Amino acid sequence: MPNLYTHKDSNVRKTWLIITVFLLLVIGIGWFFSYYFNAQIILIFAVFFSVIMSVSSYWWSDKIVLALTHAKPVQKNDNPELYRIVENLCITAGLPMPRIYVLEENALNAFATGRDPKHAVIAVTRGLLNRLDKAELEGVISHELSHIGNRDMLVNTVVVVLAGFIALATDMIFRSFLWGGLGGRRDSRGSNGVILVVGLVAMVVAYFAATLMRFAVSRKREFLADASGAFLTRYPEGLASALEKISQDNTKLRGASNATAHLFFENPFKADALRAKGEEPGKIAKLFMTHPPVKDRIRALREM
């Protein structure tokens, strides 16, 4: 029978697979640069950089996210009701008590982060605490606890690091090309130009592939966390009702950025022109969404 930990082992394996791909890709990019510029130091730097990025994304992901979002810690005396809700759901789920943070913002949202359940963090906005009832708040908290139990945070963090590095490397190549400072290997057959074109095409393809992978992984994790959260509370309607309220709120979340958008309960940039017009995103647009459409999530919950 499926439970909160059904996807835990699978996510841990995926994390190691992504890290392996990341390291090989970085080494490949480093080799390309070192060959093209005839400088072995570039390959050495690429390997060193990939190791540092992998380690930092694993060990300090929670601190990085909390700093970016300006979340503040909450003790039991500060908000006893929130603390009890999280504590009771943790007992039901068999999870250790995470640290609790609050974002002093009126927008309705929440997120979880941390490398494992023992170092997990749950953060909610002040607007969420003020405008959701207890059943709805329990639904959101159970969703975030499901991310923790399923090890979703680790997968998402590693994917973001991978996509971010590819974007950085692609930008470096194009800037070098535009500045005319390539000065790479040259021979009478003009193989230098061929290598450059192949390298640029490969980087562009890799960038879009990594970006699509990042969004696809994030969307799938959200569906799974909804299902696991509803399984935890045994009340899917609480989570569905919370989603409805949050989707109707267009308050800007100042602490959100493109780097952290995928971590939130719902897309913090939902107050765009398309959403304001009440239009549904097209098939192409959905490929670049960090979260599944709210209507699809609500429908899945109410069909449970």
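Residues numbered from 1 in each chain as written. Predicted model: local features only at pLDDT ≥ 70, side-chain atom pairs only at ≥ 80, totals over all residues. Heavy atoms only, no water.

Glancing now at the confidence of the model for the protein chain. This prediction gives the protein chain a mean pLDDT of 78; 66% of its residues lie at or above 70. In this model, residues 271-278 is a region of pLDDT below 50 whose contacts with residues beyond four sequence positions or in other chains number seven contacts. (pLDDT = per-residue confidence, 0-100. Contact = heavy atoms within 4.5 Å.)

For the rest of this paragraph, the subject is a nonpolar patch on the surface. A grouping of I27, V47, V51, V55, Y58, W59, W60, I64 and L68 is seen on the molecular surface, where their side chains present a nonpolar patch of about 760 Å² in accessible area. Secondary structure elements with two or more residues in the nonpolar patch: helix 2 (40-59) and helix 3 (61-69). In terms of residue count, the dominant contributor to the nonpolar patch is helix 2 (five residues). Mapped onto the elements of the fold, V55 is located in helix 2. (Patch = residues over 30% accessible without salt bridge, like charges linked within 9 Å, V, L, I, M, F, W, Y side chains within 5 Å. Areas by Shrake-Rupley, 256 points an atom, 1.4 Å probe, with all protein chains shown as cover. Salt bridge = Lys/Arg side-chain N within 4 Å of Asp/Glu carboxyl O. Helix = DSSP H or I, 4+ residues; strand = E, 2+ residues; numbered from the N terminus.)

This paragraph deals with the packing of aromatic side chains. Applying the stated rule across the entire model yields one aromatic pair. The aromatic ring of F231 is capped on one face by R234, whose charged end is 4.5 Å from the ring centroid. One Lys or Arg, R297, reaches over the ring of F265 and ends 5.1 Å from the middle of that ring. (Phe/Tyr/Trp six-rings, centres within 6.5 Å; stacked < 30°, edge-to-face > 60°. Lys NZ or Arg CZ within 6 Å of the ring centre and 35° of its normal.)

This brings us to the nonpolar core. Counting 36 residues, the largest nonpolar core has L82, V124, L128, V140, I141 and L145 as its most contacted members. Considering each element in turn, this core owes the most residues, six residues, to helix 4 (residues 80-93). The residues touching I141, leaving out its near neighbours within four places in the chain, are L82, I85, V86, L89, I122 and V124. By size, the runner-up hydrophobic cluster in this structure holds 13 residues, among which are A71, Y101, A107 and L263. (Core = buried A, V, L, I, M, F, W, Y, C linked by side-chain atoms within 4.5 Å. Buried < 20%, exposed > 50% of the residue type's maximum accessible area, 1.4 Å probe, protein only.)

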